[in-house]
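Residue strings, one per chain:
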Amino acid sequence: MSKITQQQIGSVALVVDNYDDAIDFYTKKLQFTLVEDTELGGGKRWVQVSPPNSNGANLLLAQASSEEQKLAVGNQSGGRVFLFLHTNDFWRDYELMKKNGVLFNEEPRVEEYGTVVVFQDLYGNKWDLLQLNQS
């Protein structure tokens, strides 16, 4: 009898300019939880953040350590929306993020699939804040 394959994405690496600035943005402006911050030596750290009450993948904040990596900060997806933050209360989170000074690229819009708005993290990476319609 063969085992059923079960996989999931554990973390998504996000190249950042500075660990502490990134932690500050994600925990204070987006209300993420700091899951782990472990020193690895040589100036490297294992830093993971996650949206509140999330059971999905964590963001692994990876401080750029080469010129090539520094060029990727804020542009990991070539200017497209890179990450999708799903919520169960769009307007609550949108208003809180606005109050916390998060930069939005547009006004919220209602689409066939749900309510969405594009925002930027502190480095300019584009995100969707998205509440899907109930099916």
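Residues numbered from 1 in each chain as written. Predicted model: local features only at pLDDT ≥ 70, side-chain atom pairs only at ≥ 80, totals over all residues. Heavy atoms only, no water.

Under an unreviewed UniProt entry, the chain has the name VOC family protein and belongs to Pseudoalteromonas obscura.

## Some words on the pairing of strand 9 (residues 126-132)
Just so we agree on the cut-off: The rule for pairing is simple: two strands pair if DSSP sees at least two bridges between them. Under the scheme used here, helices are H or I runs from DSSP no shorter than 4 residues and strands are E runs no shorter than 2 residues, and both carry numbers assigned from the N terminus.
Relative to strand 9, strand 5 (residues 81-86) runs parallel, the two sharing five bridges. From the neighbouring strand, Val81 faces strand 9, where its bridge partner is Lys126. Inspection of the sheet shows strand 8 (residues 114-120) paired to strand 9 by seven bridges, in the antiparallel sense. Of the residues in strand 9, the one forming a bridge with Val118 is Asp128. The antiparallel hairpin formed by strand 8 and strand 9 contains five residues in its connecting segment, where Gly124 sits at a positive phi of about 100°.

## Brief notes about the environment of Leu122
How we decide: Note on contacts: a residue pair qualifies if any of its non-hydrogen atoms lie within 4.5 Å across the two residues.
Along the chain, Leu122 falls in the loop between strand 8 and strand 9. Sequence-distant contacts of Leu122, that is, excluding residues within four places in its chain, are made with Asp21, Ala22, Phe25 and Tyr26.

## Considerations on the layout of surface pockets
Using the following cut-off: Using only the protein atoms, space was sampled on a 1 Å grid; points where a 1.4 Å probe fits but cannot get out form cavities, open sets with protein on both sides within 12 Å along at least five of seven lines form pockets, and lining residues are those with an atom within 4 Å of a point. Grid points are joined across faces, edges and corners, and a volume is the space filled by probe spheres set on the points. When residue character is reported, Ala, Val, Leu, Ile, Met, Phe, Trp, Tyr, Cys and Pro are called nonpolar, Asp, Glu, Lys and Arg charged, and the others, Gly included, polar.
A volume near 650 Å³ is recorded for the largest pocket. As for the largest pocket, its lining consists of 26 residues, of which Phe32, Pro51, Ser54, Leu85 and His86 are closest to the centre. Among the elements of the structure, strand 4 (58-63), strand 5, helix 3 (90-99) and strand 9 are those that each provide at least two residues to the lining of the largest pocket. Looking at the lining of the largest pocket residue by residue, the class counts come to 15 nonpolar, eight polar and three charged. Its volume calculated, the second largest pocket comes out at about 180 Å³. Taken together, 14 residues line the second largest pocket, and the ones lying closest to its centre are Tyr19, Lys44, Arg45, Ala62 and Gln63.

## Looking at the pattern of salt bridges
Filter applied, for reference: Any carboxyl oxygen of Asp or Glu that lies within 4 Å of a side-chain nitrogen of Lys or Arg is treated as forming a salt bridge with it. Working definition: with a 1.4 Å probe on protein chains only, accessible area under 20% of the residue-type maximum means buried, over 50% means exposed, and in between means partly exposed.
Scanning the entire structure with this criterion turns up seven salt bridges. As a salt-bridge pair, Lys28 and Asp24 come within 2.8 Å of each other at their nearest N and O atoms. A residue pair is termed a helical-turn pair when its members lie 3 or 4 positions apart in one helix, as Lys28 and Asp24 do in helix 1 (residues 19-29) at four residues. Residue classification places Asp24 among the partly exposed residues on the basis of a relative accessible area of 36%. Ionic pairing is found between Arg45 and Asp37, a salt bridge with its closest N-O pair at 2.7 Å. With relative accessibility at 14%, the residue Arg45 sits in the buried group. Here the salt bridges share partners, and the residues they tie into one network are Asp20, Asp37 and Arg45.

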